Amino acid sequence: MRPGIALIGRLVCLLAGIWLTCSWLPVQAATTERIVVNRFSGVAIEGFDPVAYFVDGAAMQGTAEFEANLWGAVWRFRNEGNRASFLAHPEIYGPQYGGYDPADIARGVVIAGNPRFFAIVAQRLYLFSREASRDAFAANPERFLYEVGKRWPALQEQLSQ
C-alpha cells in the first residue's frame, strides 16, 4: 500500500471515529525525525522494549504501563526493571542511529528500521528495514559502520531537531 493512500485511509478512519476498526492500514514511521517514531502516537520502535533485545535476545512488545519519555519519543517496556535500565543507559539500550537502518545509511539514505529485524553488535542495538539488510550487516559490520560513520553526520543534519 502506498504511504499516501495509507495516510488518507487513517484520516478517514479517524474522522469517522472508527480508528480501531481500521487496523488493517499500515502505520507509517516518521522519517523526518532524529528518532524513528510512529507519527500518530509518538511511540518509538513500534512499542518494542529496547532493553528486551539485550535481556531476552528477542523483539518483545512493551506496554503502556511501563513508558518513558526521552529524546522526544515515548518508549515502552515490558517491566519496571527494563524501564529503569534504559533510563540509566539510553545510549546503550536505544537503537543506534535513532532506529534507522545502518545498511541504508551506508548507501546514503535514511529508512526506518523494522524492530523485528535487529542485530546486537559490540553491545549496541541496530534495527534494519528488511531481513536482507540485517544479514548483510551481520556478515561484515565493520564495513557498514565505516560507511555509516562517513555518511551519518550529513544525513542526521537533514533530519529535523
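Figured I'd write up the structure that's included with this text. Remember, it's a predicted structure, so these values are computed and weren't measured experimentally.

Thoughts on the pairing of strand β4 (residues 124-128)
At step 1: Counting buried positions along β4 yields four of five residues, so the element is predominantly enclosed.
At step 2: From the end of strand β3 (residues 114-121) to the start of β4, which pair antiparallel, there are two residues, and Ala122 there has a positive phi angle of about 50 degrees.

Focus on the nonpolar core
At step 1: Ranked by size, the top nonpolar core spans 17 residues in total, and within it Tyr53, Trp75 and Phe77 carry the most contacts.
At step 2: Those elements giving two or more residues to this core turn out to be β1 (63-70), β2 (73-77) and β4.
At step 3: At three residues, the largest contribution of residues to this core is made by β2.
At step 4: Those residues in contact with Tyr53, other than ones at most four positions away along the chain, are Ile45, Phe48, Ala58, Ala59, Pro115, Phe118, Ile120, Leu125 and Leu127.
At step 5: Membership of the second largest hydrophobic core comes to 16 residues, among which are Val36, Tyr100, Ala106 and Trp152.

Brief notes about the pattern of salt bridges
At step 1: Under the defined criterion, the tally for this structure stands at ten salt bridges.
At step 2: The salt bridge partner of Asp104 is Arg107, with a shortest N-O separation of 2.7 Å. With Asp104 and Arg107 both in helix α5 (residues 102-107), this residue pair falls three residues apart, about one helical turn.
At step 3: With relative accessibility at 52%, the residue Arg107 sits in the exposed group.
At step 4: For Lys150, the salt bridge goes to Glu147, with nearest N and O atoms at 3.3 Å. Linking Lys150 with Glu147, this pair stays in helix α7 (residues 141-158), spanning three residues, or about one helical turn.
At step 5: Residue Lys150 is classed as partly exposed on the basis of its relative accessible area, which comes to 49%.

A look at the environment of Glu142
At step 1: Within the secondary structure layout, Glu142 lies in helix α7.
At step 2: Overall, the relative accessible area of 59% leaves Glu142 in the exposed class.
At step 3: On a C-alpha basis, the gap between Glu142 and Val121 in space is 9.8 Å, while along the polypeptide they are 21 residues apart.

Conventions and cut-offs
- Residues numbered from 1 in each chain as written.
- Predicted model: local features only at pLDDT ≥ 70, side-chain atom pairs only at ≥ 80, totals over all residues.
- Heavy atoms only, no water.
- Buried < 20%, exposed > 50% of the residue type's maximum accessible area, 1.4 Å probe, protein only.
- Helix = DSSP H or I, 4+ residues; strand = E, 2+ residues; numbered from the N terminus.
- Pairing = 2+ DSSP bridges.
- Core = buried A, V, L, I, M, F, W, Y, C linked by side-chain atoms within 4.5 Å.
- Contact = heavy atoms within 4.5 Å.
- Salt bridge = Lys/Arg side-chain N within 4 Å of Asp/Glu carboxyl O.

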